[in-house]
Amino acid sequence: GQNIDQPTEMTATEGAIVQINCTYQTSGFNGLFWYQQHAGEAPTFLSYNVLDGLEEKGRFSSFLSRSKGYSYLLLKELQMKDSASYLCAVRDRGGYSTLTFGKGTMLLVSP
Amino acid sequence: KAGVTQTPRYLIKTRGQQVTLSCSPISGHRSVSWYQQTPGQGLQFLFEYFSETQRNKGNFPGRFSGRQFSNSRSEMNVSTLELGDSALYLCASSTDRGRSTEAFFGQGTRLTVV
């Protein structure tokens, strides 16, 4: 079976750094994705990890440890517009595009 | 380059009716996946189509079905609607080539069953 866990809600202050964790247990593994979804909008792609380590992309970084079934998304220099839901998703089979999603972490950034 | 287009954006149906939702993927994308999003369950995978063939299916009842046409456009159908089918239905397309093959999502169809 598939199980992806992430915190339901987090709060942080503008300008701060926040880390959103994701743990997964899946029958296979072929990549982990992070998506951002603002209320009423479509999810948008943030990052992709398939090998262990850190991937950095501007203010956003994502880390993966396959042996631990663990990933995190790091957001630096938080801005008000970063208030959104952050979705962790795993692709468990090569050659397919199917993603299994966690329930998402609602991040609220306050002034 | 146009994004993923889903129609209609909003839909209200009565229990027992059936509904068809449409998804036009990004030009050149051959893989189309459908997801149901609800506050309680999050995003749940319905099915995935590639080159007009369903190659993966989620854990949903047979009332949920779909198809893909030769131009990669896809439709999903829900028959005998139940109140619990009220949700945001999202379509995602990808090239299905390369390592990352990120999925691009449409704005979704908000279905309300009354």
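A few points on the structure. (Residues numbered from 1 in each chain as written. Chains lettered and ligands numbered in written order. Predicted model: local features only at pLDDT ≥ 70, side-chain atom pairs only at ≥ 80, totals over all residues. Heavy atoms only, no water.)

### Quick word on the overall build of chain B
At step 1: Looking only at helices and strands, one finds zero helices and eleven strands in chain B.
At step 2: Walking chain B from its N terminus toward its C terminus, one meets helices and strands in the order β-β-β-β-β-β-β-β-β-β-β.
At step 3: Relative to the globule expectation of 13 Å for 114 residues, the C-alpha radius of gyration of chain B, 13 Å, shows essentially globular dimensions.
At step 4: With 114 residues in all, chain B has 50% of them scored as buried. (Helix = DSSP H or I, 4+ residues; strand = E, 2+ residues; numbered from the N terminus. Rg over C-alpha atoms; globule rule 2.2 N^0.38 Å. Buried < 20%, exposed > 50% of the residue type's maximum accessible area, 1.4 Å probe, protein only.)

### Some words on the packing of aromatic side chains
At step 1: Here the structure, examined in full by the defined rule, presents 16 aromatic pairs over all chains.
At step 2: Residues Y24 of chain A and F29 of chain A carry aromatic rings whose centres are separated by 5.1 Å and whose planes lie at 15 degrees to one another, so their mutual orientation is stacked.
At step 3: Ring centres of Y35 of chain A and F105 of chain B lie 5.4 Å apart, and the angle between their planes is 90 degrees; on these two criteria the pair is classed as edge-to-face. Residue Y35 of chain A is found in strand 4 (residues 32–37), and its partner F105 of chain B is found in strand 10 (residues 104–105); the two belong to separate chains. The exposure classification of Y35 of chain A matches that of F105 of chain B, with both residues buried.
At step 4: One cation-aromatic arrangement involves R55 of chain B over F50 of chain B; the distance from NZ or CZ to the ring centre is 4.5 Å. (Phe/Tyr/Trp six-rings, centres within 6.5 Å; stacked < 30°, edge-to-face > 60°. Lys NZ or Arg CZ within 6 Å of the ring centre and 35° of its normal.)

### Regarding the sheet that holds strand 8 (residues 74–78) of chain B
Sheet strands pair via backbone hydrogen bonds, and the direction of the pair is either parallel or antiparallel.
Residues and elements named next belong to chain B.
At step 1: Spatially, four strands are ordered 1-3-8-7 in an open sheet, and the strand pairing comes out antiparallel. Edge positions in the sheet fall to strand 1 (5–7) and strand 7 (64–68), since each of these pairs with one other strand and no more. Averaged over all adjacent pairs, the angle separating strand axes in this sheet is 15 degrees, with direction ignored. (Pairing = 2+ DSSP bridges. Axes fitted to C-alpha atoms, helices over the stretch in contact; angles between N-to-C directions.)

### Notes on unusual backbone geometry
Residue and element names in this part refer to chain B.
At step 1: Cis geometry marks the peptide bond from T7 to P8, where omega comes out at -10 degrees.
At step 2: Tracing the backbone shows P8 in the loop between strand 1 and strand 2 (10–13).
At step 3: Backbone geometry places S72, a non-glycine residue, at a positive phi of 80 degrees.
At step 4: The class of S72 is buried, set by a relative accessible area of 13%.
At step 5: The backbone phi angle of T80 is positive, close to 45 degrees, even though this residue is not glycine.

### A closer look at the pairing of strand 9 (residues 87–94) of chain B
All names here are of chain B.
At step 1: The element strand 9 is largely enclosed, with a buried count of eight among its eight residues.
At step 2: Neither face of strand 9 is exposed, since A87, Y89, C91 and S93 on one face and L88, L90, A92 and S94 on the opposite face are all buried.
At step 3: Inspection of the sheet shows strand 4 (residues 31–38) paired to strand 9 by seven bridges, in the antiparallel sense. Opposite Q36, over in strand 9, you have Y89 as the bridge partner.
At step 4: As paired strands, strand 9 and strand 11 (residues 109–113) are joined by three bridges and run antiparallel to one another. Within the sheet, the bridge partner assigned to A87 lies in strand 11 and is L111.

### Side note on the state of the cysteines
Residue and element names in this part refer to chain A.
At step 1: Tallying each qualifying case throughout the model produces two disulfides over all chains.
At step 2: Across a sulfur-sulfur distance of 2.0 Å, C22 and C88 are joined as a disulfide pair. Handedness of the C22-C88 disulfide follows from its S-S torsion of about -70 degrees: it is left-handed. Of the two residues, C22 is situated in strand 3 (residues 18–25) and C88 in strand 9 (residues 84–90); the sequence distance between them amounts to 66 residues. (Disulfide = S-S within 2.5 Å.)

### Here we look at the sheet that holds strand 8 (residues 70–75) of chain A
Residue and element names in this part refer to chain A.
At step 1: Taken in spatial order, the five strands of this open sheet run 1-3-8-7-6, and their pairing is antiparallel. Of all the strands in the sheet, just strand 1 (3–5) and strand 6 (53–57) have a single pairing partner and so form its edges. Here the strands of the sheet are splayed against their neighbours by 15 degrees on average, with no regard to which way each runs.
At step 2: Two elements, strand 7 (residues 60–65) and strand 8, share six bridges in a ladder whose sense is antiparallel. Bridging across to strand 8, S65 finds its partner in Y70.

### Side note on the side chain of S33 of chain B
At step 1: Secondary-structure assignment places S33 of chain B in strand 4.
At step 2: When its relative accessible area of 3% is taken as the criterion, S33 of chain B is described as buried.
At step 3: Not counting residues within four places of it along the chain, the set of residues in contact with S33 of chain B comprises S97 of chain A together with F45, F47, E48, L90, C91 and A92 of chain B. (Contact = heavy atoms within 4.5 Å.)

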